Amino acid sequence: MAETKKGAGTIIGRLDPVWRYVFWAYLAFWAIILVLGGVASVVFGAPPAVMTAVVILGSWSPTIVLLVMLRSPKPGMTIVDFYRRAFRGRLDLP
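Residues numbered from 1 in each chain as written. Predicted model: local features only at pLDDT ≥ 70, side-chain atom pairs only at ≥ 80, totals over all residues. Heavy atoms only, no water.

### A short note on the overall build of the chain
Spelled out, the test is: By the criteria applied, helices consist of DSSP H or I runs no shorter than four residues and strands consist of E runs no shorter than two, each listed in order from the N terminus. Think of it in three bands: with a 1.4 Å probe and only protein chains considered, a residue is buried below 20% of the maximum accessible area for its type, exposed above 50%, and partly exposed in between. Values of accessible area rely on a 1.4 Å probe in the Shrake-Rupley scheme; residue burial ignores everything except the protein chains shown.
Looking only at helices and strands, the chain has four helices and zero strands in total. Along its sequence from the N terminus, the chain presents helices and strands in the succession α-α-α-α. The buried share of the chain, reckoned over its 94 residues, is 13%. On the chain, roughly 7500 Å² of surface is accessible, and the fraction owed to carbon and sulfur atoms is 71%.

### Examining helix α3 (residues 61-69)
Cut-off, in case you're wondering: This arc corresponds to the set of directions leading from the helix axis out to the C-beta atoms.
All buried positions along α3 are accounted for by Ser61, Val65 and Met69. Mapping the buried residues of α3 onto a view down its axis gives an arc of 60°, with all of them on the same face.

### Some points on the environment of valine 50
Here valine 50 shows up in helix α2 (residues 48-59). Separated by ten residues in the primary sequence, valine 50 and alanine 40 place their C-alpha atoms 7.7 Å from one another.

### Structural notes on the packing of aromatic side chains
What counts, and what does not: For Phe, Tyr and Trp, rings pair up if their centres lie within 6.5 Å, where Trp contributes its six-membered ring, and each pair is then called stacked (planes under 30 degrees apart), edge-to-face (over 60) or tilted (otherwise).
As enumerated under the stated definition, the model contains two aromatic pairs in all. Geometrically, the ring pair formed by phenylalanine 29 and tryptophan 30 is edge-to-face, given 5.0 Å between the ring centres and 80° between the ring planes. The class for phenylalanine 29 is partly exposed, based on a relative accessible area of 28%.

### Brief notes about the packing of helix α1 (residues 17-43) against α2
This is how it is decided: Note on geometry: axes are C-alpha line fits, over the in-contact stretch for helices, and angles between N-to-C directions span 0 to 180 degrees. These descriptions rest on fixed angle ranges, namely under 35 degrees for roughly parallel, over 145 for roughly antiparallel, 65 to 115 for roughly perpendicular, and the rest for oblique. Any two residues whose heavy atoms approach within 4.5 Å are treated as being in contact. Amino acid classes used here: Ala, Val, Leu, Ile, Met, Phe, Trp, Tyr, Cys and Pro are nonpolar; Asp, Glu, Lys and Arg are charged; the rest, including Gly, are polar.
In contact at an axis separation of 9 Å, α1 and α2 are set at 170° when each is read in the N-to-C sense. What the angle tells us is that α1 and α2 run roughly antiparallel. Contact with α1, carried on its side by Phe29, Ile32, Ile33, Leu36, Gly37, Ala40 and Ser41, involves Val50, Met51, Val54, Val55, Leu57 and Gly58 of α2 and no other residues of that element. For the contact of α1 with α2, a count of residues per class yields ten nonpolar, three polar and no charged.

### Structural notes on the environment of threonine 52
Looking at the secondary structure, you find threonine 52 in helix α2. Threonine 52 sits 15 residues away from glycine 37 along the chain, and the two C-alpha atoms are 9.4 Å apart.

### Describing the packing of α1 against α3
Just so we agree on the cut-off: A crossing counts as left-handed when the near helix is turned anticlockwise from the far one by less than a right angle, and as right-handed when that turn is clockwise.
Viewed as axis vectors pointing N to C, α1 and α3 meet at an angle of 135°, and their least axial separation amounts to 8 Å. Judged by the angle between their axes, α1 and α3 are oblique. For the crossing formed where α1 meets α3, the hand is right-handed. Touching Pro17, Arg20, Tyr21, Trp24, Ala25, Ala28, Phe29 and Ile32 of α1 are Ser61, Pro62, Val65, Leu66 and Met69, all from α3. Broken down by class, the residue content of the contact of α1 with α3 amounts to eleven nonpolar, one polar and one charged.

### Focus: the side chain of serine 61
With respect to the helices and strands, the residue serine 61 is situated in helix α3. Once residues lying within four places of it in the same chain are set aside, the contact partners of serine 61 are Ala25, Ala28, Phe29 and Ile32.

Next comes the structure, spelled out in structure tokens:
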């Protein structure tokens, strides 16, 4: 019997890890902007400082998703190893 991959039955589970990251990054961004921003402004009548914080959190959502998903595409890699590998050629790190 053939083994099935985790999440192989879902559309998202069958996507390439890069496309899965893109999907989750967009979903997190719009959830933060629409849900947090909408609730903060409509329900609570948030001041501009709170809305600015929601925008800043939304702008960091792709990075947050990358850090959460790092173990999925690269199971044995740490965050430090990921950044070292990503920027080694450009920063000339040992």
